[in-house]
Amino acid sequence: MLILRQQEVRELLDPDALVDALAAAHADLSAGKASMPPRIAALVDAHDALLGVMPSYLPSAALACKLVTLFPHNRDRETHQPIVCVVDPDTGTPIALMDGTYITAARTAAGSALATRLLAREDARVLAILGTGVQAHSHAHALPRVRSFEEIRVAGRDPARVETLAREIAGVPVESYEQAVRGADVVAATTHAEQPVVLREWLAPGVHVNSVGLNPTGREIDDATIADALLVVESRASALAPPPAGAPELAGVDAARIHAELGELVAGTRPGRHSRDEITLYKSVGVAVQDAAAAALVLAAAHERSVGTELDLEGTE
């Protein structure tokens, strides 16, 4: 088995190749060519936390499973701590174990970048980043790869962290979520909010919203936005599953309200935005085929560059 540490994964995973790999993965998922059972999780109520299990088989990429913990109150380490195991699809033998922290951050942002590429207006110039954590950082780097932003606004609960992130990305710190969202062309909501940080009344005509935050007892997006926006998800089954697997914002929403899956937009079986002024919303819950696609890229690059540490689990010579 090949062991890949976080820094090695970070160096091996190409962000532009990842967006294209996710496009192919989502097209396969929507076409029924991938096996991806519903995500399950064990809840750790004492810490408002969970341990999630996310297996998938993407014939064009990998057979893989991610274990991921979400401990939102962590302060001395990441709130998400995942590992990804890749298995030989012909023999069932585990062939790689890699740190999933960067994979999770990168593939989530790459999913938003893909959605932005498919749904945002070509002339989008103002990006609003809501949140200051790992996903805020990854989105601040991923989204400008698909649109040419002239201004990036940053808003969050902690003014010091807002200032730090804005400085790192040459962005503009603002005092409130409302100030960030009003007039923005693209919004990236990356919070662990209990109450909505995106309200319909703040949204300009034609804005595209990416929402990736997950709080089983909270929500990032208000009901009015869900009702008015052209709604796109990774997978209908995953998005509408009961929490913690599905999106809390979509609990009780009729499946007919979902306009399309990402893969349907990629394949052209469903259209994207219908007009310049239409509001579009990509509500992400994170799906296992994204991890499989990312892990396949990492593993291929590791073999090509002879990176990683081999470990014999059987203990034989």
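Cut-offs and rules
- Residues numbered from 1 in each chain as written.
- Predicted model: local features only at pLDDT ≥ 70, side-chain atom pairs only at ≥ 80, totals over all residues.
- Heavy atoms only, no water.
- Axes fitted to C-alpha atoms, helices over the stretch in contact; angles between N-to-C directions.
- Helix = DSSP H or I, 4+ residues; strand = E, 2+ residues; numbered from the N terminus.
- Parallel < 35°, antiparallel > 145°, perpendicular 65-115°, else oblique.
- Contact = heavy atoms within 4.5 Å.
- Nonpolar A, V, L, I, M, F, W, Y, C, P; charged D, E, K, R; others polar.
- Pairing = 2+ DSSP bridges.
- Salt bridge = Lys/Arg side-chain N within 4 Å of Asp/Glu carboxyl O.
- Buried < 20%, exposed > 50% of the residue type's maximum accessible area, 1.4 Å probe, protein only.

1. Section: the packing of helix α2 (residues 15-30) against helix α3 (residues 101-119)
Here comes step 1: Contact geometry for α2 and α3: axes closest at 9 Å, N-to-C directions at 75°. Classified by the interaxial angle, the pair formed by α2 and α3 is roughly perpendicular. Residues Leu 18, Val 19, Asp 20, Leu 22, Ala 23 and His 26 of α2 lie in contact with α3, whose contacting residues are Ala 106, Arg 107, Ala 110, Gly 111, Ala 113, Leu 114 and Arg 117.
Here comes step 2: Considered class by class, the residues forming the contact of α2 with α3 number 8 nonpolar, 2 polar and 3 charged.

2. Digging into the pairing of strand β4 (residues 62-70)
Here comes step 1: Looking at chain direction, strand β3 (residues 49-58) and β4 are connected through 9 bridges and run antiparallel. Counterpart to Ser 56 in the pairing with β4 is Ala 64.
Here comes step 2: Counted along the chain from β3 to the antiparallel partner β4, the turn is 3 residues long.

3. Here we look at the pattern of salt bridges
Here comes step 1: In the structure shown here, the tally under the stated rule is 18 salt bridges.
Here comes step 2: Residue Arg 147 pairs with Glu 122 through a salt bridge whose shortest N-O separation is 3.6 Å. Of this pair, Arg 147 sits in the loop between α4 (134-142) and β8 (151-155) while Glu 122 sits in the loop between α3 and β7 (126-130), and the two are 25 residues apart along the sequence.
Here comes step 3: Between Asp 223 and Arg 219 there is a salt bridge; the shortest N-O distance is 2.4 Å.
Here comes step 4: A single network of salt bridges, built from pairs that share partners, joins Arg 121, Asp 123, Asp 185 and Arg 276.

4. Some thoughts on unusual backbone geometry
Here comes step 1: Even without being glycine, Ala 170 reaches a positive phi, approximately 60°.
Here comes step 2: Relative to the assigned elements, Ala 170 resides in the loop between α5 (159-168) and β9 (172-173).
Here comes step 3: Classification of Ala 170 as exposed rests on a relative accessible area of 71%.
Here comes step 4: In the Ramachandran plot, Ser 306 falls in the positive-phi region, its phi being about 55° despite a non-glycine side chain.

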